[in-house]
Amino acid sequence: MRKTLLSLALLAAPFATAQQSEPLPQETLDTIIQNLKNGRNTAAMVEYIDSINRVPFSDDIYEITYKDKNNEILYVNKDGSYIFQADIISVPNALNITRERRETLAAAKGITSEDDKKGSAAKNPDDPPPKAGKQKGDGQFAALPVALAQKEKKGDGSRRLWIVTAPDCDMCKTLEEQLGSISDVTLYRYLYTASDAARQRALAINCHHNPPEALRDHLLYGLHSEEAPKEDCAAREGEKLKQIKEETGEADRAELPVLTFPDGYETRVLAATSEELDSWITMHQPAKSDDKPAEAEPVTNTDGNATAATDNPAPTSGEDSDPTPTDIQPTAEDREPAADAAPATDQPVNAQAQPAPNGTPAANPNGGRVKIDAPPIRPRP
């Protein structure tokens, strides 16, 4: 059963985000729960589900909420064969319906709101965004300060991803396989250890000269160094593992791995392929903005002096209006074609030009310009 991450923008009329009060039939709930239990990596989430509710924008999608101090929201289709992790946005008014629901749940459960989360500055610029409602030792996995993590820079390292993993985690093997072909990302891995055996293996991995490589060799191939960690490294890395365990508390390893993205999005559901995971990483990076205004090229006046161009030059007349047709001087493209030039038409450039009667060039309503058929420009996915 393939679970797909979709970024959804629903074309809908403005509507309230309050959930419909009519409960789902028990038969529908049972079907969804059973299919989630049968899923490859969704079985562990079932016991944490608090409710499955209708949504106001569709009869074919339901909302999943979680118990305790957790305001995360998932969406599921009618039979539980697909789950959706996305922000649902109303196109007409750009209302982020999912965000409003998360904030409503946060207020009802007394946990940190989205605004509070954004307002809390990280001590280290590489630290992940804080998780709303996370308390020390509450049993929730969360990305922690990067001082506790393995750091691996792949390619130019321009994108970032924080991963909670473990040396004895089966699904973490699949994630490492997918990460193998992904470049241009900086990975921060936190090793969670639930047993003394896992702790000893994590110490050996973290004290290796290349910890990320040692983790991959262990998870994918069962290879590991027999050399005992040096005493100073074992003490240092042991303290990190202890802090990770204390911050997390007793948690279910079946939830691992947990991925956290720079925009605060968190998921326990693995991508189907490395290509899909690569697209997730790109999609959840912060938007880039260029605050530096573009410099205008100088304009040469008729007297030969160069002056700086302005975006909105002052009108020469007293009126603040568009110029009249007589004020516009035709460009070379707009002038009538020469007598010996090929007649311009309103047809694509590869079309046959049809001469007008009496052998004279046909009049061109486009002022000498030629229309070119080109494919429409579509937004990049």
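Every value quoted in this text rests on a predicted model; they were computed, and no experiment measured them.

A. Fine view of the environment of His218. By the element assignment, His218 lies in helix H6 (residues 211-221). His218 sits in the buried class, given a relative accessible area of 17%. His218 has contacts with Pro167, Arg201, Ile205, Leu223 and His224, leaving out every residue within four places of it along the chain.

B. Structural context of the pairing of strand S8 (residues 150-154). Only one face of S8 is covered, namely the one carrying Gln150, Glu152 and Lys154; the face carrying Lys151 and Lys153 has none of its residues buried. As judged from the five bridges shared by S8 and strand S10 (residues 185-191), these two strands associate in the antiparallel manner. Within S10, the position partnered with Lys154 by the bridge is Val185.

C. Structural view of the nonpolar core. The biggest cluster of nonpolar side chains holds 26 residues, and the ones touching the most others in it are Phe141, Val164, Tyr190 and Leu256. Residue assignment for this core shows that the elements contributing at least two residues are strand S9 (159-165), S10, helix H5 (196-206), H6 and helix H7 (231-248). Setting aside residues up to four positions removed in sequence, Phe141 forms contacts with Lys131, Val164, Tyr192, Thr248, Ala251, Asp252, Glu255, Leu256, Val258, Glu266 and Arg268. One finds Leu187, Leu259, Trp280 and Ile281 within the second-largest nonpolar core, a separate group that totals 16 residues.

D. Structural context of the packing of H5 against H7. The interhelical angle for the contact between H5 and H7, taken along N-to-C directions, is 125°, at an axis separation of 9 Å. Taken together, H5 and H7 sit at an angle that is classed as oblique. Seen along the crossing, H5 lies across H7 with a hand that is right-handed. On the side of H5, the interface is formed by Arg199, Ala202, Leu203 and Asn206, while H7 contributes Cys233, Ala234, Glu237, Gly238, Leu241 and Lys242. Of the residues in the contact of H5 with H7, the class split is five nonpolar, two polar and three charged.

E. Geometry of the sheet that holds S8. Strand order in the open sheet formed by five strands is S8-S10-S9-S11-S12, and the pairing between neighbours is mixed. Strand pairing shows two members of the sheet lacking a second neighbour, S8 and strand S12 (266-267), which therefore form its edges. The strands touched by H6 within the sheet are S8, S9 and S10, with S8 carrying the most contacts at an inclination of about 95°.

F. Local environment of the pattern of salt bridges. Per the counting criterion, the structure on display carries 17 salt bridges. The salt bridge partner of Arg189 is Glu152, with a shortest N-O separation of 2.7 Å. With Arg189 in strand S10 and Glu152 in strand S8, this pair connects stretches of sequence that are 37 residues apart. Ionic pairing is found between Arg189 and Glu176, a salt bridge with its closest N-O pair at 3.0 Å. Taken together, the residues Arg189 in strand S10 and Glu176 in helix H4 (residues 170-179) connect sequence positions 13 residues apart. Through salt bridges with shared partners, a single ionic network connects Glu72, Lys131, Glu255, Glu266 and Arg268.

G. The confidence of the model for the protein chain, seen in detail. Per-residue pLDDT for the protein chain averages 76, and the proportion of residues at 70 or more is 67%. In this model residues 308-328 is a low-confidence stretch, pLDDT under 50, and it forms six contacts with partners more than four residues away in sequence or in other chains. Contacts of residues 344-353 to residues separated by more than four positions or lying in other chains number 17 contacts, the stretch itself having pLDDT below 50.

H. Examining the state of the cysteines more closely. Counting across every chain of the model gives two disulfides. Across a sulfur-sulfur distance of 2.2 Å, Cys169 and Cys172 are joined as a disulfide pair. On the sign convention where negative is left-handed, the bridge of Cys169 and Cys172, at about 85° about the S-S bond, is right-handed. Residues Cys169 and Cys172 agree in their burial class; the two are buried. A disulfide bridge connects Cys207 with Cys233, and the sulfur atoms are separated by 2.1 Å. Across the disulfide from Cys207 to Cys233, rotation about the S-S bond amounts to roughly -110°, and the bridge is consequently left-handed. Of this pair, Cys207 sits in the loop between H5 and H6 while Cys233 is found in helix H7, placing the two residues 26 residues apart along the sequence.

I. Just the packing of H4 against H6, in detail. Two numbers describe how H4 lies on H6: the axes approach to 9 Å, and their chain directions differ by 120°. Taken together, the axes of H4 and H6 lie oblique to each other. Helix-helix and strand crossings are classified by hand; for H4 and H6 the assignment is left-handed. On the side of H4, the interface is formed by Cys172, Lys173, Glu176 and Glu177, while H6 contributes Leu215, Arg216, Leu219 and Leu220. Broken down by class, the residue content of the contact of H4 with H6 amounts to four nonpolar, no polar and four charged.

J. Structural detail: the side chain of Glu176. Overall, the relative accessible area of 1% leaves Glu176 in the buried class. Sequence-distant contacts of Glu176, that is, excluding residues within four places in its chain, are made with Arg189, Leu215, Arg216, Leu219 and Leu220.

Definitions and cut-offs
- Residues numbered from 1 in each chain as written.
- Predicted model: local features only at pLDDT ≥ 70, side-chain atom pairs only at ≥ 80, totals over all residues.
- Heavy atoms only, no water.
- Helix = DSSP H or I, 4+ residues; strand = E, 2+ residues; numbered from the N terminus.
- Buried < 20%, exposed > 50% of the residue type's maximum accessible area, 1.4 Å probe, protein only.
- Contact = heavy atoms within 4.5 Å.
- Pairing = 2+ DSSP bridges.
- Core = buried A, V, L, I, M, F, W, Y, C linked by side-chain atoms within 4.5 Å.
- Axes fitted to C-alpha atoms, helices over the stretch in contact; angles between N-to-C directions.
- Parallel < 35°, antiparallel > 145°, perpendicular 65-115°, else oblique.
- Left-handed = near helix turned anticlockwise from the far one by under 90°.
- Nonpolar A, V, L, I, M, F, W, Y, C, P; charged D, E, K, R; others polar.
- Salt bridge = Lys/Arg side-chain N within 4 Å of Asp/Glu carboxyl O.
- pLDDT = per-residue confidence, 0-100.
- Disulfide = S-S within 2.5 Å.

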